[in-house]
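Tertiary structure, described
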Amino acid sequence: MHSKALAPEYQGALTKMSVNASLTDVLAEGERHLRAAELSGSQQEVARTGLAVAEAHRRLGHVGEADRAWKASYRAARSAEDTGAMAWALWSGGTLARQRGALRLAFRLLRLAADLGKKGGDVVARGYSLAGLAETGRIQGDYRTVAKLHEQLLAEARARGEARHTVWALEGIAQIHRNTGSFDTALEMFEEAAELAGNADDRRGRAWALRGMADIISVRDNDPEQALALLAEAELTCRAMNLSSALAYNHKMRANVLYRAGRYEEARLVYEEALGEFREMTEPRGEALATLGLVKSLARLGRDRTETAAELDGLRVTLDRIGLLNARDMVDKAYTELGVAPAGATVTGEAGRR
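Everything in this summary refers to the structure shown in the same document. (Residues numbered from 1 in each chain as written. Predicted model: local features only at pLDDT ≥ 70, side-chain atom pairs only at ≥ 80, totals over all residues. Heavy atoms only, no water.)

1. Structural notes on the packing of aromatic side chains
This structure, assessed with the given rule, holds six aromatic pairs. Judged by centre distance (5.7 Å) and plane angle (75 degrees), the rings of Trp 91 and Tyr 128 are edge-to-face. One end of the pair, Trp 91, is in helix H4 (residues 83-99); the other, Tyr 128, is in helix H6 (residues 123-140), with 37 residues separating them in the sequence. The exposure class of Tyr 128 is buried, given its relative accessible area of 11%. For the ring pair Trp 208 and Tyr 249, a centre distance of 6.0 Å and an interplane angle of 50 degrees mean the geometry is tilted. One end of the pair, Trp 208, is in helix H10 (residues 203-221); the other, Tyr 249, is in helix H12 (residues 244-260), and 41 residues separate them in sequence. For Tyr 249, a relative accessible area of 4% corresponds to the buried category. A connected cluster of aromatic rings, assembled from ring pairs, spans Trp 88, Trp 91 and Tyr 128. (Phe/Tyr/Trp six-rings, centres within 6.5 Å; stacked < 30°, edge-to-face > 60°. Helix = DSSP H or I, 4+ residues; strand = E, 2+ residues; numbered from the N terminus. Buried < 20%, exposed > 50% of the residue type's maximum accessible area, 1.4 Å probe, protein only.)

Okay, here's the thing in structure tokens:
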């Protein structure tokens, strides 16, 4: 039996904030209580309320403010000798690092957070930090290493009845299955996650699950209209809660669906919209993926092959630098799909593989 979804990152005076609260409301309340905590001189409360401020800024795409906020939360936690709060601050910092494409830093901060969570006896902070490590590895494309950790975290979340964490784990495992071609299993897990999130009133988790379902239905079933309907439902949640990152990824998926359906001009427009959103929040992974979709759409609309190849070359360098193995493979496949060759290669018939 799972409980209603909670937001353990909203701490101190913000513990009663709903997981579905608008991020602008979370930020306003967090900053109000943070000022009060600073006036009271309680470093522990500064750390706990500062965490909510950091997370609201991060999810709104305010990278600089989020970076300053998690570091301030950590300093206050260390001053108060609150090991659990230190773990949560490092978790926030590691999550931000992953969002910014700094995967090595993300791994380092999240490992420290997991260690401090264990040392401080904060099971939830440890679980979230391990989940962050698993997600970072999954995004990187290292499925073999992190699949077992995802399964472990799913079992722990189910045992504790933590709906939100169960939804996260289901979605992560589903994404691994999707990326390795097990579409039926992936769809079943996304559907379970969507149902569980709905029952637990986890609107954010349901929005991400709907996005995953739309992807599978587009790829496996070639049903763009159903996929677009699921994305439209998810978009309503993203806008209501001001989920900037989730909305940008929703738009990128909408463009993917349109591209697969051969609606290249529509796809181009939506990829451009998503690209602007990712750039505004300084999210290089999303920016690179949206750029790849845009390059492919422009190529289908008749863009010069030399320009297409040059853009793909640049994208491959970018993805190598970030360390996104799966996305880099997507670029390699795009050379063949579009009939172009990397710089220095020649084309015989279809473009050759590197």
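2. Notes on the packing of helix H9 (residues 183-199) against H10
As a packed pair, H9 and H10 sit with axes 8 Å apart at the nearest point and diverge in direction by 155 degrees. Considered as vectors, H9 and H10 are oriented roughly antiparallel to each other. As H9 runs across H10, the sense of the crossing is left-handed. Contacts between H9 and H10 pair Phe 183, Asp 184, Ala 186, Leu 187, Phe 190, Glu 191, Ala 193, Ala 194, Glu 195, Ala 197 and Gly 198 from the former with Gly 205, Arg 206, Ala 209, Gly 212, Met 213, Ile 216, Ile 217, Val 219 and Arg 220 from the latter. Its residues assigned to classes, the contact of H9 with H10 comprises 12 nonpolar, three polar and five charged. (Axes fitted to C-alpha atoms, helices over the stretch in contact; angles between N-to-C directions. Parallel < 35°, antiparallel > 145°, perpendicular 65-115°, else oblique. Left-handed = near helix turned anticlockwise from the far one by under 90°. Contact = heavy atoms within 4.5 Å. Nonpolar A, V, L, I, M, F, W, Y, C, P; charged D, E, K, R; others polar.)

3. Remarks on the packing of helix H3 (residues 63-79) against H4
Put simply, H3 and H4 touch, their axes get as near as 8 Å, and they point 160 degrees apart. Taken together, the axes of H3 and H4 lie roughly antiparallel to each other. Note on packing geometry: the crossing formed by H3 with H4 is left-handed. Facing H3, whose interface residues are Val 63, Ala 66, Asp 67, Trp 70, Ser 73, Tyr 74, Ala 77 and Arg 78, H4 presents Ala 85, Met 86, Ala 89, Leu 90, Ser 92, Gly 93 and Leu 96. When grouped by side-chain class, the residues that make up the contact of H3 with H4 number 10 nonpolar, three polar and two charged.

4. Things to note about the nonpolar core
The biggest cluster of nonpolar side chains holds 116 residues, and the ones touching the most others in it are Tyr 10 and Leu 312. Setting aside anything within four residues of it in sequence, one finds Leu 312 in contact with Leu 292, Val 295, Val 331, Ala 334, Tyr 335, Leu 338 and Val 340. (Core = buried A, V, L, I, M, F, W, Y, C linked by side-chain atoms within 4.5 Å.)

5. Some thoughts on the environment of Asn 326
Looking at the secondary structure, you find Asn 326 in helix H16 (residues 325-338). With 181 residues separating them along the chain, Asn 326 and Thr 145 place their C-alpha atoms 14 Å apart. Beyond its immediate stretch of four places on either side in the chain, Asn 326 contacts Gln 140, Gly 141, Tyr 143 and Asn 179.

6. Quick notes on the environment of Ala 290
Assignment of secondary structure puts Ala 290 in helix H14 (residues 284-300). Residue classification places Ala 290 among the buried residues on the basis of a relative accessible area of 0%. In this structure the C-alpha to C-alpha distance between Ala 290 and Tyr 249, which are 41 residues apart in sequence, comes to 8.8 Å. Leave out the neighbours within four places in its chain, and Ala 290 touches Lys 252, Tyr 271, Ala 274, Leu 275 and Phe 278.

7. What about helix H5 (residues 103-119)?
End to end, H5 covers 24 Å across 17 residues, agreeing with the expected 24 Å (1.5 Å per residue, within 8%). For H5, the complete set of buried residues consists of Leu 103, Ala 106, Phe 107, Leu 109, Leu 110, Ala 113, Ala 114, Leu 116 and Gly 117. Just downstream of H5 lies Gly 121, where phi reads positive at about 70 degrees. (Expected span 1.5 Å × (residues − 1).)

8. Some words on the pattern of salt bridges
All chains considered together, the criterion is met by 31 salt bridges. Between Arg 263 and Glu 225 there is a salt bridge, and its shortest N-O distance comes to 3.0 Å. Residue Arg 263 is found in the loop between H12 and helix H13 (264-280), and its partner Glu 225 is found in helix H11 (residues 224-240); the two are separated by 38 residues along the sequence. When its relative accessible area of 26% is taken as the criterion, Arg 263 is described as partly exposed. A salt bridge links Arg 254 to Glu 235, with the shortest nitrogen-to-oxygen separation between them at 3.9 Å. Of this pair, Arg 254 sits in helix H12 while Glu 235 is found in helix H11, placing the two residues 19 residues apart along the sequence. One exposure class covers both Arg 254 and Glu 235, and it is buried. (Salt bridge = Lys/Arg side-chain N within 4 Å of Asp/Glu carboxyl O.)

9. Examining helix H1 (residues 23-40)
When the terminal C-alpha atoms of H1 are compared, their 25 Å separation across 18 residues agrees well with the 26 Å that a helix rising 1.5 Å per residue should span. All of the buried residues in H1 are Leu 23, Val 26, Leu 27, Gly 30, Leu 34 and Ala 37. Along H1, the residues classed as buried sweep out an arc of 95 degrees about the axis, all on the same side. Remark: Gly 41 follows H1 within two positions and exhibits a positive phi of approximately 85 degrees. (Arc of directions from axis to C-beta.)

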